[in-house]
Amino acid sequence: MQKIIRTRAEAADFAASVRFSGKTMGFVPTMGALHEGHLSLVRKALQENDYCVTSIFVNPIQFNNREDLEKYPRTPERDLQMLEEAGCQAVFMPSVDEMYPEEVNEHYDFGHLDKVMEGAFRPGHFNGVAIVVKRLFEIIQPHKAYFGEKDYQQLAIIRELVRRYQIPVKIVACPIVREDDGLAMSSRNMRLSAEDRRKAPQIYQTLLTARQLAKEHDVAFVKNWVLETLKSIEGFEPEYFEIASGETLLPVNHWDEADTVMGFVVVWLGGVRLIDNIELRRK
Ligand code: PAF
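These numbers were taken from a predicted model, which means no experiment stands behind them.

A. Representation of the sheet that holds strand E7 (residues 236-245) in the model. Strand order in the open sheet formed by three strands is E7-E8-E9, with antiparallel pairing between adjacent strands. The sheet is open, and its two edges are formed by E7 and strand E9 (272-282), each paired on a single side. For this sheet the average axis-to-axis angle between neighbouring strands, irrespective of direction, equals 15°. By the bridge criterion, ten bridges tie strand E8 (residues 260-269) to E9 in an arrangement that is antiparallel. Within the sheet, the bridge partner assigned to Phe 264 lies in E9 and is Asn 277. Sheet strands touched by helix H11 (residues 219-232): E7 and E8. Its angle to E7, the strand with the most contacts, is close to 160°.

Structure (structure tokens):
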């Protein structure tokens, strides 16, 4: 039977008992509405540690849009069942008051890392992510924490957070998990209408073609082709497509400007914001 933890004090007791017994703990932070992508993180955490703790907390301060927060899917019973079946031993499900007993006024600045792409289109988002992840690390005190590469920029920011504040946790990046038709798994996918769900895999198909085009065309051509292709698909509203360094996340103008060049995309479809990325070229 998995342990459900609701308060910081209980979480601290749990962390202390795991560490006291000389065992290791892997941590998977989530906002719930779990899918196979989250479960892949839980499985990896269980392979590499004695214990896995998953948190389920829809973090209000990382939503820059009220409607997005209200519509964010919440499926706690199903989540607990999935975690139990995956063998996750403990789930931290705090209330908003438990996480934020006082007014929050921390401000992080990660330089260009939180200014480009998601940082530019979702003001305040990464500040909210950094605040909650730092608090979660302090509460859970895991040895390792697992994050998906779908939120590639978030991963870069969390690595920087850990480096800057010397938080004693190892960050483990895990590959994007896709549906059979290529759509990157996301909690938001459950908000797509049946018709939009059928269209959504065209995001990844476009990225795959971009990777082919990147072998023979320059950066400007590929960028323009992807944006025009996405715009031409009925219902698709691309928010951005950026070709950037996988290391610094800064935009590149030439393929040889970075060891790994990635394509990062966000498309709105039927009021749902879908994010994806792909490695376009590697030196
Ligand atoms: O990736 C997410 O689900 C969230 O941003 C995270 C890391 C759980 C913080 O709320």
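B. Structural context of the environment of Met 99. Along the chain, the position of Met 99 falls in helix H5 (residues 96-99). In this structure Met 99 comes out as buried when scored by relative accessible area, which is 0%. Between the alpha carbons of Met 99 and Met 82 there is a distance of 24 Å; along the sequence they are 17 residues apart. Among all residues touching Met 99, those that are not within four sequence positions of it are Arg 8, Phe 57, Phe 92, Pro 94, Val 132, Arg 135, Leu 136 and Ile 139.

C. Local environment of the side chain of Asp 276. Along the polypeptide, Asp 276 turns up in strand E9. Residues contacting Asp 276, with those up to four places away along its chain left out, are Ile 176, Arg 178, Ala 184, Ile 203, Tyr 204, Leu 207, Gly 263, Phe 264 and Val 265.

D. Molecular detail of the sheet that holds strand E2 (residues 25-30). Strand order across the open sheet formed by six strands is E1-E4-E3-E2-E5-E6, with parallel pairing between neighbours. Each having just a single partner strand, strand E1 (3-5) and strand E6 (170-174) make up the two edges of the open sheet. Along the sheet, successive strands turn relative to each other by an average axial angle of 25°, direction set aside. Both strand E5 (residues 144-148) and E6 contribute to a ladder of five bridges, which runs parallel. Bridge pairing in E6 places Ala 145 opposite Ile 171. Lying on the sheet, helix H2 (residues 36-48) is in contact with E2, strand E3 (51-56), E5 and E6; it crosses E5 at an angle near 155°.

E. Looking closely at the packing of aromatic side chains. One pass over the structure, following the stated rule, counts nine aromatic pairs. Consider the rings of Phe 57 and Tyr 100, whose centres lie 6.1 Å apart with planes at 55°: the pair is tilted. Within this pair, whereas Phe 57 is found in the loop between E3 and helix H3 (66-71), its partner Tyr 100 is found in the loop between H5 and helix H6 (118-121), the two being separated by 43 residues in sequence. Residue class for Tyr 100 comes out buried when judged on its relative accessible area of 9%. Here the aromatic rings of Phe 137 and Phe 147 are separated by 6.4 Å at their centres, their planes lie at 80°, and the arrangement is edge-to-face. Highlighted residues: Phe 137 in helix H7 (residues 125-140) and Phe 147 in strand E5, separated in sequence by ten residues. Judged on exposure class, the residue Phe 137 and its partner Phe 147 are both buried. Three or more aromatic residues joined by ring pairs make a cluster, and in this case those are Phe 27, Phe 137 and Phe 147.

How each quantity is defined
- Residues numbered from 1 in each chain as written.
- Predicted model: local features only at pLDDT ≥ 70, side-chain atom pairs only at ≥ 80, totals over all residues.
- Heavy atoms only, no water.
- Pairing = 2+ DSSP bridges.
- Helix = DSSP H or I, 4+ residues; strand = E, 2+ residues; numbered from the N terminus.
- Axes fitted to C-alpha atoms, helices over the stretch in contact; angles between N-to-C directions.
- Contact = heavy atoms within 4.5 Å.
- Buried < 20%, exposed > 50% of the residue type's maximum accessible area, 1.4 Å probe, protein only.
- Phe/Tyr/Trp six-rings, centres within 6.5 Å; stacked < 30°, edge-to-face > 60°.

Worth remembering: the numbers are spatial, not functional.
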